[in-house]
Amino acid sequence: MTDYKNLKLIASSSPHIRSSEDTRSIMLDVIIAMIPALAMSVYVFGFQALVLTLISVASCMFWEWLYRKLMKKSCAVGDLSAVVTGMLLAFVCPVSLPWWTIVVGSFFSIVVVKQLYGGIGCNFLNPALAGRAILVASYAGAMTTWVLPGEKLAIFGSAADVATGATPLALMKEGTVEAFETLMETYSVTDMFIGKVGGSLGEVSALMLLLGGIYLMIRKVISWHTPVAYIATVAVISLISAPEGIDAMNYMLYSVFGGGLMLGAIFMATDYATSPVTKPGQLIFGFGCGLLTVFIRRFGSYPEGVCYSILVMNCCTWLLDKYIKPTIYGAPKKEKKEAAAK
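Now for a description of the structure that goes with this document.

Calculation notes
Residues numbered from 1 in each chain as written. Predicted model: local features only at pLDDT ≥ 70, side-chain atom pairs only at ≥ 80, totals over all residues. Heavy atoms only, no water. Helix = DSSP H or I, 4+ residues; strand = E, 2+ residues; numbered from the N terminus. Buried < 20%, exposed > 50% of the residue type's maximum accessible area, 1.4 Å probe, protein only. Contact = heavy atoms within 4.5 Å. Areas by Shrake-Rupley, 256 points an atom, 1.4 Å probe, with all protein chains shown as cover. Phe/Tyr/Trp six-rings, centres within 6.5 Å; stacked < 30°, edge-to-face > 60°. Patch = residues over 30% accessible without salt bridge, like charges linked within 9 Å, V, L, I, M, F, W, Y side chains within 5 Å. Salt bridge = Lys/Arg side-chain N within 4 Å of Asp/Glu carboxyl O. Expected span 1.5 Å × (residues − 1). Bend = angle between axes of the 7 residues up to and from the residue. Axes fitted to C-alpha atoms, helices over the stretch in contact; angles between N-to-C directions. Parallel < 35°, antiparallel > 145°, perpendicular 65-115°, else oblique. Left-handed = near helix turned anticlockwise from the far one by under 90°. Nonpolar A, V, L, I, M, F, W, Y, C, P; charged D, E, K, R; others polar.

Examining the overall build of the chain
So, point 1. The number of helices and strands found in the chain is 17 helices and zero strands.
So, point 2. Burial statistics for the chain: of 342 residues in total, 48% are counted as buried.
So, point 3. In the chain, the proportion of contacts linking residues at least 24 apart, taken out of those at least 6 apart, comes to 73%.
So, point 4. As displayed, the chain has an accessible area near 17,300 Å², and 66% of this comes from carbon and sulfur atoms.

Some thoughts on the packing of aromatic side chains
So, point 1. Inspection of the entire model under this criterion finds 10 aromatic pairs.
So, point 2. Between Tyr 117 and Phe 124, the ring centres sit 5.3 Å apart and the planes meet at 80 degrees, which makes this aromatic pair edge-to-face.
So, point 3. By relative accessible area, Tyr 117 is classed as partly exposed at 45%.
So, point 4. Pairing Phe 180 with Tyr 254 gives two aromatic rings, centres 5.4 Å apart and planes at 70 degrees, and the pair type is edge-to-face.

Looking at a nonpolar patch on the surface
So, point 1. Judged by side-chain polarity, Met 217, Trp 224, Val 228 and Leu 283 come together as a nonpolar surface patch covering roughly 330 Å² of accessible area.
So, point 2. Owing to a relative accessible area of 33%, Met 217 belongs among the partly exposed residues under this scheme.

Remarks on the pattern of salt bridges
So, point 1. Evaluated as defined, the whole model comprises three salt bridges.
So, point 2. For Glu 64, the salt bridge is made with Lys 114, and the minimal N-O distance between the two is 2.8 Å. Highlighted residues: Glu 64 in helix H2 (residues 48-70) and Lys 114 in helix H4 (residues 99-114), separated in sequence by 50 residues. Neither residue differs from the other here; Glu 64 and Lys 114 are each classed as buried.
So, point 3. Across the pair Glu 304 and Arg 297 runs a salt bridge, and its minimum N-O distance is 3.0 Å. As far as the burial class goes, Glu 304 and Arg 297 line up, both buried.

A look at helix H1 (residues 23-45)
So, point 1. End to end, H1 covers 32 Å across 23 residues, agreeing with the expected 33 Å (1.5 Å per residue, within 8%).
So, point 2. The largest bend in H1 amounts to roughly 35 degrees and is located at Ile 35, with the proline Pro 36 lying one to four residues further along.
So, point 3. A positive phi of about 95 degrees marks Gly 46, the residue just after H1.

So, the packing of helix H8 (residues 177-186) against helix H12 (residues 248-257)
Packed helix pairs are specified by the crossing angle of their axes together with the interaxial distance, meaning the distance between the axes.
So, point 1. At a minimum axis separation of 12 Å, H8 and H12 run at an interaxial angle of 65 degrees. As summarised for this structure, H8 and H12 are arranged roughly perpendicular, according to the angle between their axes. Crossing of H8 over H12 shows left-handed handedness. Contacts between H8 and H12 involve Phe 180, Leu 183 and Met 184 from the first element and Asn 250, Tyr 251 and Tyr 254 from the second.
So, point 2. Partitioned by chemical class, the residues of the contact of H8 with H12 number five nonpolar, one polar and no charged.

Shown next, in the form of structure tokens:
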């Protein structure tokens, strides 16, 4: 039996329940989850993919260290969030991108989008996607030059002699039966799933991204709500809105496995700082991302809509968090309504 007389009552401040999980451990799990996709990009494009990723990571860490040093703030490089931003920024860029360009993108991602708003957890936009958006606006030619799969880039030297071509989404953007038949002859559904396609270096393999997503769910770093809602929305809308003369099932599969959908749904839309905190909010967030992605792909100027759809929904996160609040346990219905209205 417990000796209650000898028990000591210790009064201490909250939190009373502690966990060994911290920012560094979460970011480390995200890094581990991205390694399969990085390995596939090296296999498809050569070691230039690894070099570009390392440059992006190093520059993100440098800009974060420099900013916080100049502002006389504590060094936050050790939490690995800058490493994650650097990897994700490289993942959404073509492997042929000049090294100095991604350094510019990393400056915008870290200093302008993240640190100027207070650092990790205070930014309202995904830093990597915002960095990609500014690079597309500033260097559209370099950001839309896609190396064909199997074309290994030299680590040093020019990439002028490397064969480039249209991505699957660019062919789908034409919306004609002839273009889709060309796509199917060039890339099979299996190629799309495994990653034998052109595109940004981290988005080519849906398989490797799914493996990373499963790892994150097992580790409870992310939940299924946003990724499933996002991917399912794109799949359903693509299935019921396939252009006339194109097989709906094939059109849906190419829409889901093509472009940055898997990367965005698993690694971008689930960012803690820029996505809703409640499960219903995450479902709505994923649905909105999917709806905007399909709309931009079909009617916008760009063949891909993942980047801008997530950025737009990032701006709506505060609204979802404000009006979709968890129910207060044990509170009467009147008090619940009053609390939700505040």
